[in-house]
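# Summary of structural features
Take a look at the letters that make up each chain.
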Amino acid sequence: MAPMTLFSVADAIAAALLGLLGRLLPAGAAHAVTAPDVVLGLATVVFAAILLAASMLNTILLIWYERKLLGRFMDRRGAMHVGFAGLLQNFADGLKLFRKDTVRPREADSLGFWASPTAYMITSLLIFGVLPISTGWNDGSLPLTLLLALVIFSFAPLFIFLGAWASNNKYSLIGGMRSAAQMIAYEVPILLAVVAVVVLSGSFDLTTIVNEQRNYWFWAPLFLALIVFVAGMLAEMERIPFDLPEAEAELVEGWNTEYGGMLFAFFMLADYLRALVGSILVVLLFLGGWTWPSYVPSALTSFPLAGIVWFMVKTYLVFGLFVWVRAALPRVRTDQLLRLGWMRMVPLALLSIVLAAVVVAARCLPVLGCIPSIGG
Amino acid sequence: MADSPARTGSPPLETTETERPSLWVVRPLATAAKQFAKSLWRPSTIVYPFERLEDPKFRSAVGVESGRPIGVGEIWDNYRGVHALNIQTCISCNLCAFSCPDVCIEMVTVPGGDPKHPKKCPEIDYGKCSFCGFCSDACPEGCLTMTTRYELSVHKRADMVYSPQKMYEVFQSKLPMNPIRVARPENEDAIRLDPPLCIGCFACSRDCPTNCITMVDIPKATPKPGEKPAKRIWKEPVINDSDCVRCGTCISVCPKDCLFWGSRE
Ligand code: SF4
Ligand code: SF4
Ligand code: SF4
């Protein structure tokens, strides 16, 4: 039997649905709707729907998780009354935002004002299309998934700036400017840190990168790169301590000052989507993805869905680290961020590339026997 | 010679941790982690409607360095909360309504009095009450007291007005109550009569809530020659001072203003 993948599940669902439909229709039409192309088309839609549902569900869970965790860091409880331990609080909040009127300032540019949250949301969701969560979850789809994910990820400041400019509000504009300025500080170190991973794994494909971590996870040799990547991700996600564009203490609410109701909910959701993506990327690149340490008995690892669960546990732990940082650190200034990016993170990332090269070279030493790893 | 800090006498600046940037990140992270570990099982928040601070279990949980924390683990019985009214013993003396600085007490009729002389008990508007406790201090019968109940939130403004019956329910729930003031001041004024003005109309004795006024016969005055005899009932109020609660009702009902406050003989 072929291994169960997400797409095969979607395919089965689509086939079943169309089969049901076919039985209700006359024979000629039934033949048309159950044609393989139609099934494939519907399967793609089902696949996308599953991805969307999974990512949104996880995002909302992530918000709950952050609220609970941050509460503990601040000696309080966080959401706790709606649903068990406040699990449904975010749904209630979302419903409330959904019912709100969306107010657009009279002077704001209509197209930019509406397009920006939509594009922000769409690009954030798009990344989920390329992230492999476990074997079978959308793996092996593209050869350059890592690059693609990072490229889509870095679209955000563009839309933030667009929305900020369109809002026609000085606080929004300052926030948008900061977002654009901040990007220069963190994109380079992130990419350099990723290069270290690519050197070690020899691939731009996320699935290959994870599979390369069968024997050892990359955080050990690439600890410096991990630090740079996590710090860069914090800036990329615009979370405290790098939330300069929002900076609610100085800029009202930063670039989304003028947004309310569902548009604000879009920004909020997309922010957490990006936080989820950031955590997933850390797990994929440095913490071994869905691979298990060798001492875990195989009875456990071969359990269906064990890979996904293991992966999500790690993702949530990484996000917990982000929350910890948020609870502990104050916001940096723009100049501090730039100095940090260029004078600390870039050299560290370069150093870790060298380290990765040394590790790759060491693997090829005759004593160890050349482990054929480069190129998968 | 250049001016050095040593010559000007200013001490060199203390080395602070701002000069060790590595601690910028590590120390706050450690602090946050410590707090997290401490509040992981039970954060300090007391989940109010489900838990109450006066619950004795918080006596140890909420640590206050300076000895006995006020209000934690118990409510002190001199807390001034919602009033309890014992309708049975209320004598409708009006003193509570008189003494209220916020004019939030209205005397309303309650069943139980005779039709000519309805029984009136206080009704308190908690939208105005400042919980000063004057009313319960003034109450001569100790039937209006303040309890430890502090929950007053309602949905409608009209619900803020507590009828005597409602306060009687509070009384029956036997909450801890504010101690009642029983001792009366030694030099308290008493009701005095200006006899020549009195016409013997019975108004005071009829309205006295404690029935401490008796009308006694007085000798008919012989009219001076050439004058008509005075038209009046030849009776005068005599007040039983030990039963009088000093409510002043008699003074306010007297049509001739012949009763007044004066020192006791
Ligand atoms: S406690 Fe309230 S009702 Fe009593 S006298 Fe004071 S303000 Fe008036
Ligand atoms: S002071 Fe006491 S006895 Fe007098 S009316 Fe008020 S509650 Fe009744
Ligand atoms: S003040 Fe007057 S009405 Fe009040 S108890 Fe004394 S005698 Fe009676």
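Residues numbered from 1 in each chain as written. Chains lettered and ligands numbered in written order. Predicted model: local features only at pLDDT ≥ 70, side-chain atom pairs only at ≥ 80, totals over all residues. Heavy atoms only, no water.

### Focus: the overall build of chain A
Scanning chain A from terminus to terminus reveals 14 helices and zero strands. Helices and strands in chain A line up, N terminus first, as α-α-α-α-α-α-α-α-α-α-α-α-α-α. Compactness check: chain A gives a C-alpha radius of gyration of 23 Å against a globular reference of 21 Å for 376 residues, within 12% of the reference. Counting only residues that meet the buried cut, chain A has 49% of its 376 residues in that class. Across chain A, the fraction of contacts at a sequence separation of at least 24, relative to all contacts at a separation of at least 6, is 78%. As displayed, chain A offers around 17600 Å² of accessible surface, 73% of which is attributable to carbon and sulfur atoms. Seen as two clouds, the 23 positive and the 22 negative side-chain charges of chain A have centres 7 Å apart. (Helix = DSSP H or I, 4+ residues; strand = E, 2+ residues; numbered from the N terminus. Rg over C-alpha atoms; globule rule 2.2 N^0.38 Å. Buried < 20%, exposed > 50% of the residue type's maximum accessible area, 1.4 Å probe, protein only. Contact = heavy atoms within 4.5 Å. Areas by Shrake-Rupley, 256 points an atom, 1.4 Å probe, with all protein chains shown as cover. Lys, Arg positive; Asp, Glu negative; His and termini not counted. Charge placed at Lys NZ, Arg CZ, Asp CG, Glu CD.)

### Some points on the pairing of strand S2 (residues 105–114) of chain B
Residue and element names in this part refer to chain B. Here seven bridges tie S2 to strand S3 (residues 117–125), and the two strands are oriented antiparallel to one another. Bridging across to S3, Val110 finds its partner in Lys119. Here S2 folds back onto S3, and the loop between the two strands holds two residues. (Pairing = 2+ DSSP bridges.)

### Description of the packing of helix H11 (residues 261–286) of chain A against helix H13 (residues 306–328) of chain A
All names here are of chain A. Where H11 meets H13, the closest approach of the two axes is 8 Å, and the angle between their N-to-C directions is 115 degrees. Here H11 runs over H13; the crossing is right-handed. Residues Tyr272, Ala275, Leu276, Gly278, Ser279, Ile280, Val282, Val283 and Leu284 of H11 form the contact with H13, whose own contacting residues are Phe311, Lys314, Thr315, Val318, Phe319, Phe322 and Arg326. Looking at the contact of H11 with H13 residue by residue, the classes come out as eleven nonpolar, three polar and two charged. (Axes fitted to C-alpha atoms, helices over the stretch in contact; angles between N-to-C directions. Left-handed = near helix turned anticlockwise from the far one by under 90°. Nonpolar A, V, L, I, M, F, W, Y, C, P; charged D, E, K, R; others polar.)

### Some remarks on the interface of chain A and chain B
Chain A puts twelve residues into the contact, and the matching count from chain B is 18 residues. Across the interface of chain A and chain B, roughly 1400 Å² is buried in total on both sides, 66% from carbon and sulfur atoms. It is Arg72, Asp75 and Arg77 of chain A that lose the most area in chain A upon contact with chain B, and together they represent 44% of the buried surface on that side. Inspection of the region where chain A meets chain B yields zero salt bridges. The tally of links from chain A across to chain B stands at three residue pairs in polar contact (both at pLDDT 80 or more). Of all elements in the fold, only helix H3 (36–73) and H13 of chain A reach the threshold of two or more residues within the side of chain A that touches chain B. (Buried area = accessible area lost by both parts, 1.4 Å probe. Salt bridge = Lys/Arg side-chain N within 4 Å of Asp/Glu carboxyl O. Polar contact = N/O pair within 3.5 Å; in protein donor to acceptor, adjacent residues only side chain to side chain.)

### Comments concerning the site of ligand 2
Lining the immediate environment of ligand 2, one finds 14 residues, of which Cys90, Cys93, Asn94, Cys96 and Cys139 of chain B sit closest. Of the residues contributing to the shell around ligand 2, the split by class is twelve nonpolar, two polar and no charged. (Near = heavy atom within 4 Å.)

### A word on the site of ligand 1
Within the structure, ligand 1 sits among 14 residues, and Cys100, Cys129, Cys132, Gly133 and Cys135 of chain B are positioned closest to it. Its residues placed into classes, the shell around ligand 1 shows ten nonpolar, three polar and one charged.

### Regarding the pattern of salt bridges
Residue and element names in this part refer to chain A. Counted under the stated rule, the structure contains 14 salt bridges over all chains. For the salt bridge of Glu236 with Arg274, the shortest nitrogen-to-oxygen distance reads 3.7 Å. One end of the pair, Glu236, is in helix H10 (residues 223–236); the other, Arg274, is in helix H11, and 38 residues separate them in sequence. A relative accessible area of 2% places Glu236 in the buried class. We classify Arg274 as buried; its relative accessible area is 2%.

### Observations regarding the domain arrangement of chain B
Residue and element names in this part refer to chain B. Domain annotation of chain B identifies domain 1 (83–172) and domain 2 (190–220 + 233–262). With eight residues of domain 1 at the contact, the number on the domain 2 side is eight residues. Counting across the interface, domain 1 meets domain 2 through zero salt bridges. Remark: the boundary between domain 1 and domain 2 carries zero residue pairs in polar contact (both at pLDDT 80 or more). Per-class residue counts for the side of domain 1 that touches domain 2 are five nonpolar, two polar and one charged. (Domains from an automatic or database assignment.)

### Regarding the side chain of Gln182 of chain A
Among the secondary structure elements, Gln182 of chain A is positioned in helix H8 (residues 170–201). With sequence-adjacent residues up to four places away left out, Gln182 of chain A is seen in contact with Ala235, Glu238, Phe242, Leu244, Pro245 and Leu337 of chain A.

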